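Spelled out, the chains give:
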Amino acid sequence: MTSDLQQFPQILTVAGIDSSGGAGINADVATAFAHHVYPATVVVAVTAQNTYGVQAATLLDAQIIEQQFASIADDLAIKAVKTGMLGDREHVEVVAKALANYDLGPIIIDPVMVAKGGSKLLTDDAITAVKEQLLPLATLVTPNLLEAQQLTGIEIKTPTDLVQAAKMLQTLGAKNVLIKGGHGTGDELTDYVLLADQSEFTLVNPRIDTIRTHGTGDTYAAAIASNLALGHDLTTAIKLAKSYLYATVADEIIVGHGHGPLNHWAKGE
Ligand SMILES: Nc1ncnc2c1ncn2[C@@H]1O[C@H](COP(=O)(O)OP(=O)(O)OP(=O)(O)O)[C@@H](O)[C@H]1O
Ligand SMILES: Cc1ncc(CO)c(N)n1
C-alpha cells in the first residue's frame, strides 16, 4: 500500500526480546525513540535474561515471523531495517527470504552470535546461512571482532588482519563493513569501517571503565538505522551513532547487578 502523506521516519528491527530490557529489540526501540524515529518490530525470539546472562530462549514459528513482515510491509513506510538475534539456520533463512521480498530500505545486519554473559544466541550451523543468505543483502554488516573472525575464518590479531577480514566480508556480499572493537584490549577501542567505494576510516574512543555495556552492539546498529531513516548518508549515520552510543555508556545508570543496560536518556534531546 502506498500513501502520498509525508510519513514520520520509521525503522524496522528484526531480533529477539530481552526480558531485562537492555538488549535486542528493547534496546533498538529505546534507541529509535531517542532519535525521534518510529520503530516497528519483527520478533524472532523471546529470551529470559537479565544482566547476569541468558537463562532461556525460544524461537517463534516461521509462520508468525513471515506474517509480521507482511503486516508491516502492507502498511508502514520503513526507511531502514536492522537484524539482531536470529537464533538458528531456519530462522536466518526465513528472515533472509523476507528481507529479499520486501523493500525496507538499507539493510543493516548485526550478526549477533553470543550475549555478554557468554550464552550463544546463534547456533554454529547457522553461520553458513548468515554468510550465504544474509551478507549478500547487507547494506552494512556490523560484526564485533569475534563475529568477524567466525564469518571470515581470519584470525584478527593485527590491523592488516582487520582490513583483510573486512574485505572478505565484502567478497561475501556485504556492501559496507563496520568491525566493532569493543572486545579489543587496551585503553582505546577502535572500530574499523570499509565502505563500498573502498574508502576506509576508524572510530577511536577511550574505553569507559564500566561493566554496564549490555546492548552496545544492538544500540549501535539501531542508531545507524535511525540516522539513515532520518536521511543521513552512511558515513554520517555511523559517526552520529557512535557518538550516541558513547554517551549512553559514559553516563551510566544502575539497573541490575551485572552487565547493566545503557542510558538512552544520556543525550537528553
Ligand atoms: N567499555 C566501553 N567503553 C566505551 N565504548 C565501549 C565499551 N564497550 C563497548 N564499547 C563500544 O560499543 C560498541 C560495540 O562494541 P562491541 O564490540 O562490544 O559490540 P558487540 O559485541 O556487538 O556488543 P553486544 O555485546 O551488545 O552484542 C563499540 O563501538 C565499542 O567501542
Ligand atoms: C535478545 C538479545 N539480542 C541481542 C543480544 C546481544 O546484545 C542479547 N543479549 N539479547
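Residues numbered from 1 in each chain as written. Chains lettered and ligands numbered in written order. Predicted model: local features only at pLDDT ≥ 70, side-chain atom pairs only at ≥ 80, totals over all residues. Heavy atoms only, no water.

Per an unreviewed UniProt entry, the protein goes by the name Hydroxymethylpyrimidine/phosphomethylpyrimidine kinase and belongs to Periweissella fabaria. Per its UniProt entry, the protein bears the Sequence similarities (unreviewed entry) comment "Belongs to the ThiD family." (UniProt positions renumbered as here; feature names shortened; annotations may be inferred.)

A. Quick look at the site of ligand 2. Taken together, the neighbourhood of ligand 2 is formed by Gly16, Ile17, Ala23, Gly24, Thr47, Gln49, Met85, Val112, Ala115, Leu121 and Asp218. Asp218 places a polar side-chain atom, nitrogen or oxygen, 2.8 Å from an oxygen atom of ligand 2. Burial of ligand 2 by the surrounding chains reaches 93%, relative to a free accessible area of 290 Å². Among the cavities detected, the one that contains ligand 2 is the largest pocket. At the level of secondary structure, the elements contributing two or more residues to the shell around ligand 2 comprise strand 1 (10-18) and strand 2 (38-49). In terms of residue class, the shell around ligand 2 is built from 6 nonpolar, 4 polar and 1 charged. (Near = heavy atom within 4 Å. Polar contact = N/O pair within 3.5 Å; in protein donor to acceptor, adjacent residues only side chain to side chain. Areas by Shrake-Rupley, 256 points an atom, 1.4 Å probe, with all protein chains shown as cover. 1 Å grid on protein atoms, 1.4 Å probe; cavity = no way out; pocket = protein on both sides within 12 Å on 5 of 7 lines; lining within 4 Å. Sits in = over half its atoms within 2 Å of the grid points. Helix = DSSP H or I, 4+ residues; strand = E, 2+ residues; numbered from the N terminus. Nonpolar A, V, L, I, M, F, W, Y, C, P; charged D, E, K, R; others polar.)

B. Just the layout of surface pockets, in detail. By volume, the largest pocket amounts to about 1,100 Å³. As for the largest pocket, its lining consists of 48 residues, and the residues nearest its centre are Lys116, His183, Thr213, Thr216 and Gly217. Among the secondary structure elements, those contributing two or more residues to the lining of the largest pocket are strand 1, strand 2, helix 5 (145-152), strand 8 (188-194), strand 9 (200-206), helix 7 (216-229) and helix 8 (234-250). The residue inventory of the lining of the largest pocket, partitioned by class, reads 19 nonpolar, 18 polar and 11 charged. Quantified by volume, the second largest pocket comes out at close to 420 Å³. Every residue lining the second largest pocket is counted, 21 residues in all, and those nearest its centre are Ala30, Ala34, His35, Tyr244 and His264. Where the lining of the second largest pocket is concerned, the elements lending two or more residues are helix 1 (24-34) and helix 8. In the lining of the second largest pocket, the residues fall into 11 nonpolar, 8 polar and 2 charged. (Points joined across faces, edges and corners; volume = space filled by probe spheres on them.)

C. Geometry of the pattern of salt bridges. In total, this model carries 7 salt bridges according to the counting rule given. Here Lys180 ties to Asp110 by a salt bridge, and the two come within 3.2 Å at their closest N and O atoms. You can see Lys180 sitting in the loop between strand 7 (176-179) and strand 8 and its partner Asp110 sitting in the loop between strand 5 (107-109) and helix 4 (127-134), a full 70 residues away along the chain. The two residues Lys180 and Asp110 agree in class, both being buried. The salt bridge partner of Asp124 is Lys120, with a shortest N-O separation of 2.8 Å. (Salt bridge = Lys/Arg side-chain N within 4 Å of Asp/Glu carboxyl O. Buried < 20%, exposed > 50% of the residue type's maximum accessible area, 1.4 Å probe, protein only.)

D. Structural view of the site of ligand 1. The environment of ligand 1 is made up of 19 residues, and the closest members are Lys116, Lys180, His183, Asp191 and Lys242. At a separation of 2.8 Å, an oxygen atom of ligand 1 approaches a polar side-chain atom of Asn144. With respect to ligand 1, the side chain of Asn205 contributes an N or O atom lying 3.4 Å from a nitrogen atom. For ligand 1, the protein covers 95% of the area, taking 620 Å² as the surface of the free molecule. If you list the elements that add at least two residues to the shell around ligand 1, you get strand 8, strand 9, helix 7 and helix 8. The element that contributes the greatest number of residues to the shell around ligand 1 is helix 7, accounting for 4 residues. Classifying every residue of the shell around ligand 1 by side-chain character gives 5 nonpolar, 8 polar and 6 charged.

E. Summary view of the nonpolar core. Leu12, Val14, Phe69, Leu99 and Ile179 are the most contacted members of the largest nonpolar core, which totals 45 residues. The greatest single-element share of this core, amounting to 6 residues, is contributed by helix 3 (residues 89-101). The residues contacting Leu99, other than those within four sequence positions of it, are Phe69, Val81, Thr83, Leu104, Ile107, Ile109, Leu134 and Leu137. Counting 26 residues, the second largest nonpolar core, distinct from the first, contains Tyr220, Ile224, Leu234 and Tyr244. (Core = buried A, V, L, I, M, F, W, Y, C linked by side-chain atoms within 4.5 Å. Contact = heavy atoms within 4.5 Å.)

F. The arrangement of the packing of aromatic side chains in detail. In this structure the tally under the stated criterion is 1 aromatic pair. Relative to Tyr102, the ring of Phe69 has its centre 6.4 Å away and its plane inclined at 5°; by these criteria the two rings are stacked. With Phe69 in helix 2 (residues 62-73) and Tyr102 in the loop between helix 3 and strand 5, the pair connects residues that are 33 residues apart, well separated along the chain. The exposure class of Tyr102 is partly exposed, given its relative accessible area of 25%. Note that Lys239 overlies the ring of Phe201, its terminal NZ or CZ placed 4.9 Å from the centroid. (Phe/Tyr/Trp six-rings, centres within 6.5 Å; stacked < 30°, edge-to-face > 60°. Lys NZ or Arg CZ within 6 Å of the ring centre and 35° of its normal.)

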